[in-house]
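Chain residues, written in single-letter form:
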Amino acid sequence: MAGSSLAIRSMATMQLPSVSRRTISTSSALRTKLLRPTSFSQPSRMIRRTYADAAPTPTPNPAPKPKKRFRLLRWSWRLTWLAGIGLTGALGYSIYSLRHPEEQFEVDPDKKTLVILGTGWGAVSLLKKLDTENYNVIVVSPRNYFLFTPLLPSCTTGLIEHRSIMEPIRNILRHKQATVKFYEAEATKIDYEKRVVYISDDSEIKGDISHTEVPFDMLVIGVGAENATFGIQGVREHSCFLKEVNDAQNIRKRIMDCVETAMFKDQTPEEVKRLLHMVVVGGGPTGVEFAGELQDFFNEDLKKWIPEIKDNFHVTLVEALPNVLPMFSKQLIDYTESTFKEEEISIRAKTMVKKVTDKYIEAEVTNPDGSKELETIPYGLLVWATGNAVRNVVRDLMNQIPAQKDSRRGLAVNEYLVVNGADNIWAVGDCAISNYAPTAQVAGQEGAFLGRLFNIMAKTDAIEKELKSLSEAQSLAKDDESRNQVFDEIRERQKQLRRIKQIGPFQYSHQGSLAYIGKERAVADISWLSGNIASGGTMTYLFWRSAYLSMCFSTRNRVLVAFDWVKARLFGRDVSRE
């Protein structure tokens, strides 16, 4: 048996070289003969050798692998599409939610009445954080909208329409869980002893009742402040302020009135120069931003459509302090002044206005040597953008509370924003005197703090009521087991009460300061970690726009402001008077 196997293996070895490609592919008889032996290892080895001798079947060339950079671009494009689809969906959902508010429920009339005066930064921030189902909330304000004041200077030149930065207060209140009452009226007097607010309807159309009173258990005053004139003669009669929507509209009309009057036939050169001299008093962010916007309006639109004014149009910024933007760093102040010089905006520092007439201002100028002299500055437009004054309703309340006798600039408050001398009145914004500057950022954080505080107070009252009822239940318990069960619930409620009451006093967190200085440049002093980042230029201007866009109250405001910017870029600002 071993011999026959060896003979077969030898014969197979001798025949393998003579087996051709054609034999293997066509002769089935020979394949059957070769595969007939009993040894299973021999046929497999023969087949492997046969196919090894056969020429390999040609295969197509593999496709070249895509380069990594194109793969990265492709994935970047896909991610961009996904992000765009996601943002579009989020925008659509936000718009749908704004347009379709949910049903509100009526609040229990036995709950405390919380009256909020004003619809500014402090009051609206409070309403955003407040759980209105805990109180009977009443809002009183002479304007039925919230105004995004940082973009108000842009409205004066037509870059942004004024309605794009207005959010109706009804839209805000309608999205609260519980019903909130709103009265468009002005608070004329607050009676602290009676806990009553007297309000008056000052609209053009009046009903049978235009004066009434609103009782309160808790009162939040956020009425802001008036424009301060510092007792200077003629300021209120001849100046334009920049605090409300109608102020921006009046400034826009006055700008075009000055331009068109200067172009009147046979106008003298001196009068043309006076009419086209725009003076801004106040070197803070409002005055600086308005001066920059006004110069942009002239450079980009006015001199294009009315080229006759290009040699006489001039903007001057008047500031009593040694420099503009005193809240910014020295580096950014120097950058702002150099940019204004490049834009041909004059800065008159150390110049204090003493008198205002309909055609000129008298100012006291401090010379470098310390001497002072009076100077007459003619103007066509005068914008007063400096200082705040106490409103009459706030001053009257200060006179009622003995603890407020030393206050001059507003209501003095403690670390929880409670008005000194009153236990149920709080104040936020420009009408309150705290350790911080009267800015929109401060007012917004104060309002948000009060919203959280009132929510905690409501939870505290609810838990205290539960503790009172549990204490009564424990005294009526019939056995030790039920008494111990009630006692465990009491301890749990006491733990909750201690956790809830652990709210600290108000602490302002400065996020930074921003100001537009014209020519698509801005300055920013931003708080970052343990220090500040000071920057200025075009990139800061893009950051300024994105920051203000994100700070707008609603999606509606953001979309409208963005559309206004695009429209101005495509078609320019409108130079019509209205």
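As the structure is a computational prediction, the values presented were derived from the model and not from experiment.

For the protein chain, the helix and strand inventory stands at 18 helices and 25 strands. Here the protein chain displays about 33,200 Å² of accessible surface, and carbon together with sulfur accounts for 55% of that area.

For helix H18 (residues 555-571), with 17 residues, the first-to-last C-alpha span of 24 Å sits near the 24 Å given by 1.5 Å per residue. When we look at burial in H18, the residues that qualify are Thr 555, Asn 557, Val 561, Asp 564, Trp 565 and Ala 568. The positive-phi residue at the C-terminal boundary of H18 is Gly 572, with phi of around 80°.

Pairing between side chains of opposite charge can happen when their charged atoms approach one another. All chains considered together, the criterion is met by 15 salt bridges. For Lys 330, the salt bridge identified is with Asp 334, shortest N-O distance 2.9 Å. Of this pair, Lys 330 and Asp 334 both sit in helix H13 (residues 330-343), four residues apart, roughly one helical turn. A salt bridge links Asp 564 to Lys 567, with the nearest nitrogen and oxygen atoms 3.9 Å apart. You can see Asp 564 and its partner Lys 567 sitting in helix H18, three residues apart, about one turn around the helix. Residue classification places Lys 567 among the partly exposed residues on the basis of a relative accessible area of 38%. Via salt bridges that share partners, Glu 161, Asp 564 and Lys 567 belong to a single interconnected network.

Attention now goes to the environment of Ala 432. Among the structural elements, Ala 432 can be located in strand S22 (residues 432-433). For Ala 432, the residues in contact, after removing those within four places along its chain, are Leu 411, Val 413 and Ala 427.

All right, on to the packing of helix H12 (residues 285-305) against H13 then. A packed helix pair is summarised by two numbers, namely the angle formed by the two axes and the spacing between the axes. In the contact formed by H12 and H13, the axes pass within 11 Å of each other and the chain directions differ by 25°. Viewed along their axes, H12 and H13 adopt a mutual orientation that is roughly parallel. The interaxial crossing formed by H12 with H13 has left-handed handedness. Of the residues in H13, those touching H12 at Val 288, Ala 291, Gln 295 and Asp 296 are Thr 336, Phe 340 and Glu 343.

On to the packing of aromatic side chains, then. Applying the stated rule across the entire model yields 16 aromatic pairs. Both rings, one in Trp 121 and one in Phe 146, keep their centres 5.1 Å apart while their planes meet at 80°; by these two values the pair is edge-to-face. In this pair, Trp 121 is assigned in helix H6 (residues 121-129) and Phe 146 in strand S3 (residues 145-147), connecting sequence segments 25 residues apart. Judged by centre distance (5.8 Å) and plane angle (85°), the rings of Tyr 436 and Phe 506 are edge-to-face. A residue pair is termed long-range when its members are at least 10 positions apart, and Tyr 436 in the loop between S22 and helix H15 (440-475) and Phe 506 in the loop between helix H16 (480-500) and strand S23 (512-518) qualify at 70 residues. Grouping aromatic residues by their ring pairs yields a cluster made of Trp 121, Phe 146, Phe 148, Tyr 516, Tyr 541, Trp 544, Tyr 548 and Phe 553. In this structure, Arg 78 packs its charged tip against the face of Trp 75, placed 4.8 Å from the ring centre. Looking at Arg 545, its charged tip hangs above the ring of Trp 565, at a distance of 4.2 Å from the centre.

With that settled, the discussion passes to the pairing of strand S2 (residues 136-141). Buried residues dominate S2, accounting for six of its six residues. By the alternation rule, side chains of S2 split into Asn 136, Ile 138 and Val 140 and Val 137, Val 139 and Ser 141, which are all buried. Pairing of strand S1 (residues 113-117) with S2, which is carried by five bridges, proceeds in the parallel orientation. Residue Ile 116 lies in a different strand from S2, and its bridge partner there is Val 139.

In terms of nonpolar packing, the biggest core is built from 123 residues, with Ile 221, Leu 450 and Phe 454 touching the most fellow members. Considering each element in turn, this core owes the most residues, eight residues, to helix H10 (residues 245-262). Those residues in contact with Leu 450 that lie beyond four places of it in its chain are Leu 126, Val 220, Tyr 416, Leu 417, Trp 426 and Val 428. Core analysis: the next-biggest nonpolar cluster, separate from the first, contains 14 residues, Val 279, Val 356, Ile 361 and Leu 382 among them.

Within a sheet, adjacent strands bond to each other through the backbone by hydrogen bonds, running parallel or antiparallel. Spatially, five strands are ordered S5-S2-S1-S9-S21 in an open sheet, and the strand pairing comes out parallel. Whereas interior strands pair on both sides, the edge strands pair on one side only; in this sheet they are strand S5 (181-184) and strand S21 (425-427). Taken pair by pair, the neighbouring strands of this sheet meet at an average axis angle of 15°, ignoring direction. In the sheet, S1 pairs with strand S9 (residues 218-221) via four bridges, with the strands oriented parallel. By the bridge assignment, Leu 117 is partnered in S9 with Ile 221. Here H6 sits on the sheet in contact with S1, S2 and S9, set at roughly 145° to S1.

Position of Ser 154 among the secondary structure elements: in helix H7 (residues 152-155). Under the relative-accessibility criterion, Ser 154 is labelled buried at 2%. Side chain to side chain, Ser 154 and Glu 293 meet in a polar contact 2.8 Å long. Each residue touching Ser 154, except ones within four places of it in the same chain, is listed here: Leu 159, Ile 160 and Glu 293.

Cut-off values and rules
- Along each chain, the written sequence defines residue order, and numbers are assigned to residues from 1.
- In keeping with the predicted nature of the model, local features appear solely for residues at pLDDT of at least 70, side-chain atom pairs appear and are counted solely at 80 or more, and the whole-chain, interface and lining totals rest on all residues.
- Hydrogens and water molecules were not included; the side-chain quantities draw on all heavy atoms of the structure.
- To qualify as a helix, a DSSP run of H or I must reach at least 4 residues; to qualify as a strand, a run of E must reach at least 2; elements of each kind are numbered from the N terminus.
- Areas reported as accessible are Shrake-Rupley estimates using a 1.4 Å probe. Residue values count occlusion only from the protein chains shown.
- Residue count minus one, scaled by 1.5 Å, sets the expected span of a helix.
- Three labels apply to residues, based on accessible area from a 1.4 Å probe with only protein chains included: buried if under 20% of the type maximum, exposed if over 50%, partly exposed otherwise in between.
- For salt bridges, the criterion is a side-chain nitrogen of Lys or Arg within 4 Å of an Asp or Glu carboxyl oxygen.
- By definition, residues are in contact when any of their heavy atoms lie within 4.5 Å.
- To obtain each axis, a line is fitted to C-alpha atoms, and for helices this fit is confined to the stretch in contact; angles are then taken between N-to-C directions over 0 to 180 degrees.
- Roughly parallel means an angle under 35 degrees; roughly antiparallel, over 145; roughly perpendicular, 65 to 115; everything else is oblique.
- By convention the crossing between two helices is left-handed if the near helix lies anticlockwise of the far one by an angle smaller than a right angle, and right-handed if it lies clockwise.
- Whether two aromatic rings pair depends on their centres lying within 6.5 Å, for rings of Phe, Tyr and Trp, where Trp uses its six-membered ring; planes under 30 degrees apart make the pair stacked, over 60 edge-to-face, and the rest tilted.
- Only when the NZ of Lys or the CZ of Arg is both within 6 Å of the ring centre and within 35 degrees of the ring normal is a charge said to sit over the ring.
- Pairs of strands are assigned from DSSP output, requiring at least two bridges between the strands.
- By nonpolar core is meant a set of buried Ala, Val, Leu, Ile, Met, Phe, Trp, Tyr and Cys residues that side-chain atoms within 4.5 Å join together.
- Counting of polar contacts relies on pairs of N or O atoms within 3.5 Å, with two restrictions inside protein: one atom must be capable of donating a hydrogen and the other of accepting it, and residues adjacent in sequence are counted only when both atoms are side-chain atoms.

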